[in-house]
Structure formats: C-alpha cells, structure tokens
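Secondary and tertiary structure notes
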Amino acid sequence: MNMAQNKEAWGSRLGVIMAVAGSAVGLGNFLRFPGLAAQYGGGAFMIAYAISFLIIGLPIGWAEWAMGRYAGSLGYNSAPGAFASIVRRPWAKYAGIIGVIIPVVIYMYYVVIEAWCIGYAVNFWTGQMHLQDAKQTVDLFTNFTGAGADASAMSFQFDRALPWLLGVFVFNFWLIYRGLSGGIEKMCNIAMPLLIVLALVVLARVMTLGAPDATKPHDNVSNGLGYMWNPSKVMVTKITPGPDDKPREVVGSAAILEAEKEVAASSGSLVLKTISPWSQLLNPSLWLAAAGQIFFSLSVGFGVIIVYASYMKKDDDVVLSGLTASSANEFCEVALGGLITIPAAVAFLGVAGIAGQAGVGLGFKVLPLVFSKMPAGAFFGGAFFFMLFLAAITSSISMLQPGIAFIEECLGVGRKVSVSILGLLTSFGTAFVLYFSADLKALDTLDFWVGTFLIFMLATIQIIMFGWVWGMGKGMSELERGASIKVPAIFRPIIKWVCPAFLLSIFALWLLKEIFGFDIATAQFGEVSGYVTDLFGAKSKLAAQLSVALAIGIFVFFALISSRSKSYRRAEQGLPKN
C-alpha cells in the first residue's frame, strides 16, 4: 500500500472512530454521570463503575466491533444483517431489529433535549437569563420544556422549545443526508475538538471559583469535589428520625468538625455516621446504576457500534479502535464531566441545594442558577450549554445512521429515500414527545423502556451471541485480525462467562427492583414501579401507554419489512449481500 492509500485508509478508520466516539460522548457524560456518582456514594460508585467498564464495557464493545466488521465484509451494515449473517437463523434478524429500534427511538426524545441545550445557550449569550432563585429556574425549565401541561411548549417563542427543536431537527437531517464521510464524520471532527476546548474553558473557570459566598465557607469547589469523589460519606442524622427527617451529608474537614460540635451539643438527639465504601457497594442499586451508565457512556448495547464497524476494512484494527473510542469517552466523562458539574453546583448552592438532583434536573434546574450567580455567568453559562449541544448533536447524528443503513438494506433504496423515510418516522415521534410534555411523561417513559430496558436486553443478546453462538474461536479470531495489540488473555473467560453472568444477574435484579417493586435491602415486595403503574391499573397514564405503543408499532413496522428482505435471506445462508 503506497503512502496515499495508507493515508486514505487511516482517514476512513479515524472517521469511523470519531463517529463512534461522538456517539458515546453525549449528555450522559456531563449530566447523567456526575449526578449518579454523587447520588450513589461518589468514590464507591467509581469503584463499581471501573469494574463495570472492565467486565461489561470493553468486552461488549469489542464484540460489537468484531461482529460489525465481519458483517461489513459480507456487505451488511445493519444490526439485523449482522445478526443474521452470524447466527444464520431467521429469528436473528428480528433480534437485530432491537439494535435499530433503540437508536431511532432514543433519537426521538434525545433531539428534544438537544434543542433545550441550544435554546439555553443562546438565551444565556443574549442576556435573557436573569435568574435570582431556584423557583425562577424551575419555572423557566417548566415553561421552556412544556412540563407544566401537554403541548405547552409548542409555541414559536424563544423561551419555548419548539423553534429550537425545528432548527436542530433540520440540521441533524442535513448532516445525515450528506452521508457518513461528508456529514457525520466532518461534524464529529469539528464538534469533538471544539467540545473539549469549551469544556476545558468552563472547567478552568469552575476550578477557580473557590468559595463564592464568604459567609458560607464550606460551599466551595474543594468540597464539591469531595462530595462527588470521596469513597466514604459522613452523615448527620437523628437518633429517632421522623418521616420527613433525612440524613444530612457534610463534606470537608472544617464542616465535619462543626458537625461533631453540633452532635455533641444535641443532648444525644443527633449522631454522626461514617458510611464506608464497602458498605455502599453492598447496595445492588449502585451496581445497577454503574452498569447502566456504562451502556450510556460507551454506546454499547445501542446497535450503533455494529453499524459503524461494518464500514471498516477487513484488516482494520478494531481492538485499538475500540480502545481509542472508549478512551475519548472516558476522558470527557471522568476528567471533564466529573470535574465541572457537581463542584460548581456545590460551590454556589451547597450540598443540600443539589441533594436529590440528577441528570436533566441537575443540568436544567440547578446549573442555570449557578451560572447566573457566577461572574461573567452569561458567557460561561452559554459556553456550558453550547458544549452540551455539541455533545448531543454528535450523538444524535450517530443514532440516525443505524436506521438509514437498515432501511437501505431492507428495501434496496438509496440514501435520499432512506433519509426521507426515517425523517418522516422520527418527525412523528419527536412531535409526539413534544406534545405529551406534561411532567415529561412521554420522554421519561421512552427513556426507561427503550433507553434502559431494551439496552440491557440487546447487550445481553450480543455478548451471548459472540461467545456462545458464534463461538469464542471465530469471534476472537475476527476481533484480533489486523490488530496491532492482542486482547489480554484474561478477557476470554470474561467475555464467555463473567460478562454474561454479570449482565444476567444485573438484569434480574433490575427487573425485581423496577418492575416488581422488590426491595433488595429489606427482601420485601413493596410498591410496583411507577413505570408499570403508568401502563396498567387505576393509575395508568395515556401518554405512557401511547409511548410504549409507539415503540411497539415501530418494531412491528421494521419486522414486516425485514421479513420480506432478500438481503436478509441471503444473510441467513451465510452469503454476501450482493
């Protein structure tokens, strides 16, 4: 291969890696990860997160890279095509449809949140954010998103989501229409470096905040970092707490010293407890949260990696590619997201001010007030939300490609037709999410059943397919073809035994907790999850029922066109598409 050919091949491979990294780096890095880390014990959560990365994230990611490249060598670029070509059974393509449903449906509500990000950024930069207290911040969020009532965000005002949503929706499809190299790769090549630069700028500002309010010296950046990262937790609690009494966490040596004096002067009504990381790790919910974050963080179990890996050449290094994409994501998540969000919120609002806030609530109900109180907050608030927008758009455009590849493969149509079909489908779904905006019920329901439940299912199917159906011999041979580094031997038993067992255990615990209301700590059945009661019984919600019906309807539509696909019939025989 001459130098020009080598450069061209590397450029193609690098573009795929950037597209996968762009898919992985998203809102979860800067909002979901910090919130979960703080909620589940900081340092204890990080231990579970690191273990989950090693026994779930890397193995499933490598399996997807290998299966995708193998399918691509036969001409198949979709998850159903990949599954059918590997398993060679009719049912495989229907299991693969889950890998199309997940990114397509997640896009329908993810692009709505993306519109919130650019709307907040522009409103900050134009000086429209004049927030004085938490009530104003929550009211702004409620009005902007339409959370107060169905369809209330569907107004052409810049303090409502609709005009921003129309803009980002069109921009997403303009990029996807331009193709993998002309649209997705170029956008990721521009957006990813810009995102990191903006994140570093905001991080530098956050790290220099100190204690903004001299009358509250414990509310500072250092204690914000401690709140998130300390492995042990120090809590002040009542000896006999009432129904409304909650433990209060104290962070920092000075705050702990004050708490000790408060307890000593309480005549025995208060006690200071230190919760070790090991006792926190006995909480199954912590492991569920850590594993779920790994799925979101690395885009494993989404059906996205399989599609992008299918565009790589037969001998491209997928082992190193998987490590590179994962490393880029982990840098953004741990080194940037983990150092920006919580420390800034604690510095201005204190530990009590952010307790119970996570994810979207932390990002849109807490941080706008933080930036409003910060010197030059209009600039840094705009930079932060524009950074979120860049993270979101690199993910959303990557989510569209699996649907495009599937439609082209099933129907034998070109990109114009496939983009048009997917555009009509997702525009209906996005409008549905925007219309049923009360309490964000449609968004929340789709996020649970598709963005959590189906991801667990697909990840489990994929790792079992790789290690047990395809076989470790064939799978590892495909994975290591062209690799400049070999997969460490320890990962062979992890892929075949540990990862499936861990996933099945987590999935069973998750079902018990969320679906059946089983409290693992007390070993008793309690109330059934609200996600279940939203669908059945006297407390059922129409928006939730219609959301699940929407996902099922899309599955049926995709299954019908898959059943008639000549390409998939060839895949089931182990034949190339053409």
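Counting restarts for each chain: residues are numbered from 1 in the order of the written sequence. Only residues with pLDDT of at least 70 get local features here, since the model is predicted, and only at 80 or more are side-chain atom pairs given and counted; chain-wide, interface and lining totals rely on the full set of residues. Here the side-chain values reflect all heavy atoms present in the structure, with hydrogen atoms and water set aside.

1. Side note on the packing of aromatic side chains
What counts, and what does not: Here a Phe, Tyr or Trp ring, Trp counted by its six-membered ring, pairs with any other such ring whose centre lies within 6.5 Å, and the pair is stacked when the planes are under 30 degrees apart, edge-to-face when over 60, and tilted otherwise. The helix and strand labels rest on DSSP assignments: H or I over at least four residues marks a helix, E over at least two residues marks a strand, and numbering proceeds from the N terminus. Working definition: with a 1.4 Å probe on protein chains only, accessible area under 20% of the residue-type maximum means buried, over 50% means exposed, and in between means partly exposed.
Overall, the coordinates contain 39 aromatic pairs when judged by the stated rule. Arranged with centres 5.3 Å apart and planes meeting at 80°, the rings of Tyr120 and Phe144 form a pair that is edge-to-face. With Tyr120 in helix α6 (residues 98–125) and Phe144 in helix α7 (residues 134–145), the pair connects residues that are 24 residues apart, well separated along the chain. Its relative accessible area of 1% is what places Tyr120 among the buried residues.

2. What to know about α7
How we decide: Here, expected helix span is obtained from the residue count minus one, scaled by 1.5 Å. In this context, the arc is that of the directions from the helix axis out to the C-beta atoms. Should any heavy atoms of two residues lie within 4.5 Å, those residues are counted as being in contact. Nitrogen and oxygen atoms within 3.5 Å of one another constitute a polar contact, given that in protein one can donate a hydrogen and the other can accept it, and given that sequence-neighbouring residues count only through two side-chain atoms.
The end-to-end C-alpha distance of α7 is 17 Å, a good match for the 16 Å that 12 residues give at a rise of 1.5 Å each. Within α7, the full set of buried residues consists of Thr137, Leu140, Phe141, Phe144 and Thr145. Take α7 and look down its axis: the buried residues cluster within an arc of 105°, on one side only. Tucked into the core, α7 has its buried residues touching α6, α8 (161–177) and α16 (360–373). Structurally, the start of α7 carries an N-cap: the backbone nitrogen of Lys135 is 3.2 Å from a side-chain oxygen of Asp133. One or two residues past the end of α7 sits Gly146, with phi positive at roughly 80°.

3. Some words on helix α4 (residues 79–87)
Turn by turn, an α-helix covers 3.6 residues, leaving residues three or four places apart pointing in a common direction. Counting buried positions along α4 yields 9 of 9 residues, so the element is predominantly enclosed. Within α4, the full set of buried residues consists of Ala79, Pro80, Gly81, Ala82, Phe83, Ala84, Ser85, Ile86 and Val87. Sitting at the amino-terminal end of α4 is Ser78, which places a side-chain oxygen 3.1 Å from the backbone nitrogen of Gly81. Note on α4: the residue one or two positions beyond its end, Arg88, has a positive phi of about 60°.

4. Some details on the confidence of the model for the protein chain
Stated precisely, the cut-off is as follows: Confidence scores labelled pLDDT are given residue by residue by the predictor and lie between 0 and 100.
Per-residue pLDDT for the protein chain averages 89, and the proportion of residues at 70 or more is 96%. The element-level mean pLDDT for the protein chain is lowest in helix α1 (residues 3–24), coming to 58, with helix α22 (residues 542–563) highest at 97.

5. A word on the packing of helix α2 (residues 27–39) against helix α3 (residues 43–73)
To characterise two packed helices, one gives the angle between the axes of the helices and the distance between these axes. The condition is simple: Note on geometry: axes are lines fitted to C-alpha atoms, helical ones only across the stretch in contact, with angles between N-to-C directions running from 0 to 180 degrees. Reported orientations rely on four angle classes, namely roughly parallel under 35 degrees, roughly antiparallel over 145, roughly perpendicular from 65 to 115, and oblique for the rest. Classification used: nonpolar for Ala, Val, Leu, Ile, Met, Phe, Trp, Tyr, Cys and Pro, charged for Asp, Glu, Lys and Arg, polar for all others including Gly.
Running from N to C, α2 and α3 cross one another at 120°; their axes reach a closest spacing of 7 Å. By the angle between their axes, α2 is oblique relative to α3. Across the interface between the two elements, Phe33, Leu36 and Ala37 from α2 touch Phe45, Met46 and Tyr49 from α3. Per-class residue counts for the contact of α2 with α3 are 6 nonpolar, no polar and no charged.

6. Notes on the sheet that holds strand β2 (residues 248–250)
Defined as follows: Any two strands between which DSSP finds at least two bridges are classified as paired.
As summarised here, the arrangement of the 3 strands in space is β2-β1-β3, forming an open sheet in which the pairing is antiparallel. Each edge of the open sheet carries a strand with a single partner, namely β2 and β3 (270–275). Pairwise comparison of adjacent strand axes, ignoring direction, gives a mean angle of 30° for this sheet. Bridge count for strand β1 (residues 233–238) against β3 is 6 bridges, and the pairing is antiparallel. Paired with Lys233 across the two strands is Ile275, which belongs to β3.

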